Amino acid sequence: MLVVVLVTTVLAVGVLIAKAIMLRWTERLLLADAAHGALAEAALLLASLAWLINMYGVISVFGGPGQAVSLLPARQVRRTDHGVINLVPAWIAPTVVALFAAAALCLLLAVGLAVRSGKIPFISRKGSLR
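Below or above, wherever it landed, is the structure these notes cover. Computed from a predicted structure; not experimentally measured. (Residues numbered from 1 in each chain as written. Predicted model: local features only at pLDDT ≥ 70, side-chain atom pairs only at ≥ 80, totals over all residues. Heavy atoms only, no water.)

Examining the overall build of the chain
Line of reasoning, step 1. Of the regular secondary structure elements, the chain holds three helices and three strands.
Line of reasoning, step 2. The helix and strand sequence of the chain, counted from the amino end, reads α-α-β-β-β-α.
Line of reasoning, step 3. For the chain, the residues scored as buried account for 25% of the 130 residues in total.
Line of reasoning, step 4. Of the roughly 8,800 Å² of accessible surface on the chain, 71% is carried by carbon and sulfur atoms. (Helix = DSSP H or I, 4+ residues; strand = E, 2+ residues; numbered from the N terminus. Buried < 20%, exposed > 50% of the residue type's maximum accessible area, 1.4 Å probe, protein only. Areas by Shrake-Rupley, 256 points an atom, 1.4 Å probe, with all protein chains shown as cover.)

What follows is the structure, given as structure tokens:
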């Protein structure tokens, strides 16, 4: 599990660094010319950003005296006499969920546009398989 978390975090950092370098070189926000490519690129960037924010939430309580409840979105709690205290900052979970939802929406729109434009060869707009 730890290996998967580390690999995905490194990939997310790599995607955002590559985007920053390409933005500097090309002075274009999105590299894809077609709408479906731009939406797919936006989905990848949003998902990478959401994952890094989630990992920030995990690292912010690293070594804390709490019990890890979930990894996505990050949640670690400490049980006290007065109830349960969430140790992860309150803005992490809604931000991660909103960014992943936006990424999923961009990905669905990209697939829809690719199907409509005929860029996916085995699916036609009429629904028959080729």
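Having seen the model, we can carry on.
Brief notes about the pairing of strand β2 (residues 75–80)
Line of reasoning, step 1. Strand direction decides the pairing type here: strand β1 (residues 67–70) and β2, joined by three bridges, are antiparallel. By the bridge assignment for β2, Ala-68 is matched with Gln-76.
Line of reasoning, step 2. Following β1, the chain reverses through four residues before pairing antiparallel with β2.
Line of reasoning, step 3. Relative to strand β3 (residues 83–86), β2 is paired through four bridges, and the arrangement is antiparallel. The partner of Arg-79 across the bridge, within β3, is Val-84.
Line of reasoning, step 4. Between β2 and the antiparallel strand that follows it, β3, lie two residues. (Pairing = 2+ DSSP bridges.)

So, the environment of Val-88
Line of reasoning, step 1. Position of Val-88 among the secondary structure elements: in the loop between β3 and α3 (92–117).
Line of reasoning, step 2. When the C-alpha positions of Val-88 and Tyr-56 are compared, they lie 9.3 Å apart, and in sequence the two are 32 residues distant.
Line of reasoning, step 3. Those residues in contact with Val-88 that sit more than four places away from it in its chain are Gly-57, Val-61, Ala-74, Arg-75 and Gln-76. (Contact = heavy atoms within 4.5 Å.)

Comments concerning the side chain of Thr-9
Line of reasoning, step 1. Looking at where Thr-9 falls in the secondary structure, it is placed in helix α1 (residues 2–26).
Line of reasoning, step 2. A residue is classified by how much of its surface remains accessible, and Thr-9, at 18% relative accessible area, is buried.
Line of reasoning, step 3. What Thr-9 contacts, discounting residues up to four positions off in sequence, is Trp-51, Leu-52 and Met-55.

Comments concerning the packing of helix α2 (residues 35–60) against α3
Line of reasoning, step 1. Running from N to C, α2 and α3 point in directions that differ by 160 degrees, and their axes come no closer than 8 Å. Regarding the angle of α2 to α3, the classification is roughly antiparallel. Between α2 and α3 the crossing geometry is left-handed.
Line of reasoning, step 2. In the contact of α2 with α3, the residues fall into 24 nonpolar, five polar and no charged. (Axes fitted to C-alpha atoms, helices over the stretch in contact; angles between N-to-C directions. Parallel < 35°, antiparallel > 145°, perpendicular 65-115°, else oblique. Left-handed = near helix turned anticlockwise from the far one by under 90°. Nonpolar A, V, L, I, M, F, W, Y, C, P; charged D, E, K, R; others polar.)

Examining the pattern of salt bridges
Line of reasoning, step 1. Counted by the stated rule, this structure contains one salt bridge.
Line of reasoning, step 2. Of the charged contacts in the structure, one is a salt bridge between Lys-19 and Glu-41, with a shortest N-O distance of 2.3 Å. Remark: Glu-41 occurs in helix α2 and Lys-19 occurs in helix α1; sequence separation between them is 22 residues. Each of the two residues, Lys-19 as well as Glu-41, counts as buried. (Salt bridge = Lys/Arg side-chain N within 4 Å of Asp/Glu carboxyl O.)

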